[in-house]
Amino acid sequence: MQQPENHSIKIKRVYELPDQHDGRRILVDRLWPRGLTKEKAGIDLWLKDIAPSTELRKWFDHDFGRWEEFKDQYLAELKDNHEQIRLLKQELDKGIVTLVYAAKDEEHNQAIVIQENDWLFR
């Protein structure tokens with residue numbers, strides 16, 4: 001997926017090979033990706049508590065008709081998740097960050113919501 005220019009938060013599927021331009025690779029899934037070791041995934045930090053709640057994730061169930069409502073509900077969860085916001089902000093203050101996720105859908109996932117709402121982390 002192409003990243004917007006001058007955007008400090010990049011996103012990438014965890015199954016894509018890490019590269020030198022990723023900076024710190026942060027997994028933003030509640031569950032560890034199937035079939036990957038930490039070394040193969042190249043994960044520097046796992047912020048599993050920044051991921052959508054189990055209830056929200058199960059409700060969404062990758063149903064594109066629920067995408068807008070999912071984004072709204074997840075953003076509300078993020079706004080109340082002060083500790084995880086603080087942790088991600090600390091990482092962004094250090095430099096380039098790539099949020100990695102396991103979902104097959106590159107246009108409807110929690111990393112997109114975080115990237116689109118990066119003002120939360122400034």
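Just above, that's the structure.
As a starting point, this report considers the structure included with it. (Residues numbered from 1 in each chain as written. Predicted model: local features only at pLDDT ≥ 70, side-chain atom pairs only at ≥ 80, totals over all residues. Heavy atoms only, no water.)

1. Focus: the environment of S8
Part 1 of the argument: Counting through the fold element by element, S8 comes out in the segment before β1 (9-13).
Part 2 of the argument: When the C-alpha atoms of S8 and V97 are compared, they prove to be 6.8 Å apart, with 89 residues separating the residues in sequence.
Part 3 of the argument: Non-local contacts of S8, meaning those with residues more than four positions away in its chain, are made with L92, V97 and R122. (Helix = DSSP H or I, 4+ residues; strand = E, 2+ residues; numbered from the N terminus. Contact = heavy atoms within 4.5 Å.)

2. With respect to the layout of surface pockets
Part 1 of the argument: By volume, the largest pocket amounts to about 530 Å³.
Part 2 of the argument: Looking at the largest pocket, it is lined by 22 residues, and the ones nearest its centre are D29, R57, H62, A102 and A103.
Part 3 of the argument: Broken down by element, the residue count for the lining of the largest pocket peaks at 3 residues, all from helix α2 (residues 54-60).
Part 4 of the argument: Each residue belonging to the lining of the largest pocket can be placed in one class, and the counts come to 10 nonpolar, 4 polar and 8 charged. (1 Å grid on protein atoms, 1.4 Å probe; cavity = no way out; pocket = protein on both sides within 12 Å on 5 of 7 lines; lining within 4 Å. Points joined across faces, edges and corners; volume = space filled by probe spheres on them. Nonpolar A, V, L, I, M, F, W, Y, C, P; charged D, E, K, R; others polar.)

3. So, the sheet that holds strand β4 (residues 97-101)
Part 1 of the argument: As summarised here, the arrangement of the 4 strands in space is β1-β4-β2-β3, forming an open sheet in which the pairing is parallel. One side of each edge strand has no neighbouring strand; the edge strands of this open sheet are β1 and β3 (45-46).
Part 2 of the argument: Pairing of strand β2 (residues 24-27) with β3, which is carried by 2 bridges, proceeds in the parallel orientation. The residue of β3 that forms the bridge with I26 is L45.
Part 3 of the argument: Its contacts with the sheet put helix α4 (residues 82-94) on β1, β2, β3 and β4, and the angle it makes with β4 is roughly 135°. (Pairing = 2+ DSSP bridges. Axes fitted to C-alpha atoms, helices over the stretch in contact; angles between N-to-C directions.)

4. Some details on the pairing of β1
Part 1 of the argument: Along β1, 4 of the 5 residues are buried, which leaves the element largely enclosed by surrounding structure.
Part 2 of the argument: Inspection of the sheet shows β1 paired to β4 by 5 bridges, in the parallel sense. Bridge pairing in β4 links K10 to T98. (Buried < 20%, exposed > 50% of the residue type's maximum accessible area, 1.4 Å probe, protein only.)

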